Amino acid sequence: MIRTMKNRKLILAIETSCDDTCAAVVEPDGRRALSNVVHTQTEHDRYGGVVPEVASRAHLERIDGVIERSLADAGICLEDVDRVAVTVRPGLIGALLVGLSAAKGVAYARSLPLVPVNHLEGHVAAAYLADPDLEPPFVALIASGGHTALYAVDRDHDMHLLGETLDDAAGEALDKGARMLGLGFPGGPALQKAAQNGDRNRYDFPVALKGRDNLDFSFSGLKTSLLYKLKELGEERTRQELPHLAASYEAAVVEALVRKLTRAADIEDAPAVVVAGGVAANALLRRTLEEESVGLGAKLVIPPPELCTDNAAMIGAAAPYTPVIACPNYLSLNARSV
Ligand code: KG4
Ligand code: ZN
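One structure accompanies this document, and this report is about it. Not measured: the values here are computed from a predicted model.

Topic: the site of ligand 1
Near ligand 1, the surroundings consist of 20 residues, among which Gly 145, Asp 175, Gly 188, Gln 192 and Gly 278 are the closest. Contact between ligand 1 and Gly 145: an oxygen atom at 2.8 Å from a main-chain N or O atom of the residue. At 3.0 Å, a backbone N or O of Gly 278 approaches an oxygen atom of ligand 1. Elements that contribute at least two residues to the shell around ligand 1 include exactly helix H3 (119–130), helix H4 (170–180) and helix H5 (187–194). Examining the composition of the shell around ligand 1, we find that four residues originate from one element, H5, more than from any other. Among the residues forming the shell around ligand 1, the class breakdown is five nonpolar, 13 polar and two charged.

Structure representation (structure tokens):
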């Protein structure tokens, strides 16, 4: 391990809320990551979805090595760390507990404070790594596998819910759609790949609540409509039409997200718009929003794809805006699934 500078007051961040075992080292102001290690568990692939108990076990096997690598990649040692930030909610409870226990262990051993970070606030904070000059107020869209919601983020970094999905999350809709089409897991990237040479206008999948004057989303009707379409086409035609079905389905999810986000930015008269969460890695969504943002008059910040999907750098980036718990008061702290 290379030892560069002493007592650098860096943040060690840990994230294990789902199926990625992550650790990162972030600068004290949360605006730059010195390392960002993500180990994506492949154990779930054959089940077509994340199996909670398998995730906890895999985190347990990997977490020490991932933390060590995050320190080594940053060229630092634990003496350079002055806080440990960790995701405490929401997520898979067993998975969260592995990260929280590791964080407690590292922090307690060195009498460091602990920063309990909300995963969703972490996703939004990825924008500060992408644009270190960004300051609230702004409107943020979080679109991940478990959440789809719009927030107004105020000058104190507090998040106010503007609208959310009434049923499935956008990522969940992509994952389920991909599964119906016989594509791999996770579905978002698989669908994006399958859609590459497809015609987005071939099938008219519904965009729910698009006329409604609110900022909520709904994706369950879309999923049902794909199911009916596949039944109507039959196996052979579905195979032939796969790129077009994938492209049209992906386009419907993207349209719903873009519509409500631009409406929210308009209502809030937001000077900036942030897009976060795994689905923000989607190329069509990124391209469409870049085109729309010209007319929106708001600065658009979409972190690079590797900071949109789950990672620990974003958890470190949220740490400066999260109340710290002094040593040893966090020893009884629990994780929460919601
Ligand atoms: O934020 P994330 O990594 O984990 C959660 O907190 O849920 O988001 C995972 C979701 C999955 O549903 C996955 O299919 C989707 O993000 N996703 C994508 C892409 N990459 C990941 N969706 C569309 N296009 C992508 N390139
Ligand atoms: Zn996430």
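Once the structure has been displayed, the description carries forward.
Examining helix H1 (residues 52–74)
Over its 23 residues, H1 extends 30 Å from the first C-alpha to the last, a length consistent with the 33 Å expected when each residue adds 1.5 Å. Where H1 bends most, at Arg 62, the angle is about 45°. All of the buried residues in H1 are Ala 55, Ser 56, Ala 58, His 59, Ile 63, Val 66, Ile 67, Ser 70, Leu 71 and Ala 74. The elements touched by buried residues of H1 are strand S1 (10–15), strand S2 (20–26), strand S3 (33–40), strand S4 (81–89) and helix H2 (93–109). Phi turns positive one or two residues past the end of H1, at Gly 75, with a value near 70°.

Criteria and cut-off values
- Residues numbered from 1 in each chain as written.
- Chains lettered and ligands numbered in written order.
- Predicted model: local features only at pLDDT ≥ 70, side-chain atom pairs only at ≥ 80, totals over all residues.
- Heavy atoms only, no water.
- Near = heavy atom within 4 Å.
- Polar contact = N/O pair within 3.5 Å; in protein donor to acceptor, adjacent residues only side chain to side chain.
- Helix = DSSP H or I, 4+ residues; strand = E, 2+ residues; numbered from the N terminus.
- Nonpolar A, V, L, I, M, F, W, Y, C, P; charged D, E, K, R; others polar.
- Expected span 1.5 Å × (residues − 1).
- Bend = angle between axes of the 7 residues up to and from the residue.
- Buried < 20%, exposed > 50% of the residue type's maximum accessible area, 1.4 Å probe, protein only.
- Contact = heavy atoms within 4.5 Å.

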